[in-house]
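Fold and geometry: a report
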Amino acid sequence: MVLAAALSGCAIQRAQVAQDARAQMVGMSKEQVLACMGPPANKAAEGQTEVWSYNSGDGTVVASGSASYGSFSGVSSRRFCHINVVMTGGVVAAVNYQGPTGGLITAGEQCAYAVDPCVKPR
């Protein structure tokens, strides 16, 4: 039980890091993003706007199931995050997250693995 509480606390911390990154990364240059996140998995450009895409996550698999009258049914899903760093004029304009990034109170926690080096501690 203590272990579950500790792991939950870590997930909440990662969710906060991901939330902080959405604000702190705005205004960063391309060079700063490359320094803290590395090269993107994909790039797209249209005029002055570029979108750099990154994948993030620790491979967490969430399982749920139910048992009834001697039978069991279950479902599992993998949590991950696709990060899109939107740049206009060579600086970050927005950071967007997509995918099953976390739980109800830990939304975005899977995104923290990639953006953490870009975030200043509180």
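Regarding the pattern of salt bridges
Throughout the structure, instances matching the rule amount to 2 salt bridges. Across the pair Arg14 and Glu109 runs a salt bridge whose closest N-O atoms are separated by 3.0 Å. Within this pair, whereas Arg14 is found in helix 1 (residues 2-24), its partner Glu109 is found in the loop between strand 6 (91-98) and helix 3 (112-115), the two being separated by 95 residues in sequence. Residue Arg14 is classed as partly exposed on the basis of its relative accessible area of 22%. Glu50 is the partner of Lys30 in a salt bridge, and the nearest nitrogen-oxygen pair spans 2.3 Å. Placement of the pair is Lys30 in helix 2 (residues 30-37) and Glu50 in strand 2 (residues 49-56), with a sequence separation of 20 residues. The class for Lys30 is partly exposed, based on a relative accessible area of 26%. The class of Glu50 is buried, set by a relative accessible area of 17%.

A look at the environment of Ile83
Along the chain, Ile83 falls in strand 5 (residues 81-88). Residues Ile83 and Pro40, spaced 43 residues apart in sequence, show a C-alpha to C-alpha distance of 9.6 Å. Once residues lying within four places of it in the same chain are set aside, the contact partners of Ile83 are Met37, Trp52, Ser53, Tyr54, Ser56, Val95, Asn96, Tyr97, Cys111, Ala114 and Val115.

Quick word on helix 2
For helix 2, the full list of buried residues reads Val33, Cys36 and Met37. Mapping the buried residues of helix 2 onto a view down its axis gives an arc of 80°, with all of them on the same face. Facing away from the buried side of helix 2 by over 90 degrees, the exposed positions are Glu31 and Ala35. Buried residues along helix 2 sit in contact with strand 2, strand 5, strand 6 and helix 3.

Brief notes about the sheet that holds strand 6
Spatial ordering of the open sheet is given by 1-2-5-6, a layout of 4 strands whose pairing is antiparallel. This sheet does not close on itself; its edge strands, each paired only once, are strand 1 (42-46) and strand 6. Adjacent strand axes in the sheet meet at a mean angle of 20°, parallel and antiparallel pairs treated alike.

Description of the side chain of Thr101
Topologically, Thr101 is positioned in the loop between strand 6 and helix 3. A distance of 2.8 Å separates a polar atom in the side chain of Thr101 from the backbone nitrogen of Gly108. Leave out the neighbours within four places in its chain, and Thr101 touches Phe80, Cys81, Thr106, Ala107, Gly108, Glu109, Gln110 and Cys111.

Criteria and cut-off values
- Residues numbered from 1 in each chain as written.
- Predicted model: local features only at pLDDT ≥ 70, side-chain atom pairs only at ≥ 80, totals over all residues.
- Heavy atoms only, no water.
- Salt bridge = Lys/Arg side-chain N within 4 Å of Asp/Glu carboxyl O.
- Helix = DSSP H or I, 4+ residues; strand = E, 2+ residues; numbered from the N terminus.
- Buried < 20%, exposed > 50% of the residue type's maximum accessible area, 1.4 Å probe, protein only.
- Contact = heavy atoms within 4.5 Å.
- Arc of directions from axis to C-beta.
- Pairing = 2+ DSSP bridges.
- Axes fitted to C-alpha atoms, helices over the stretch in contact; angles between N-to-C directions.
- Polar contact = N/O pair within 3.5 Å; in protein donor to acceptor, adjacent residues only side chain to side chain.

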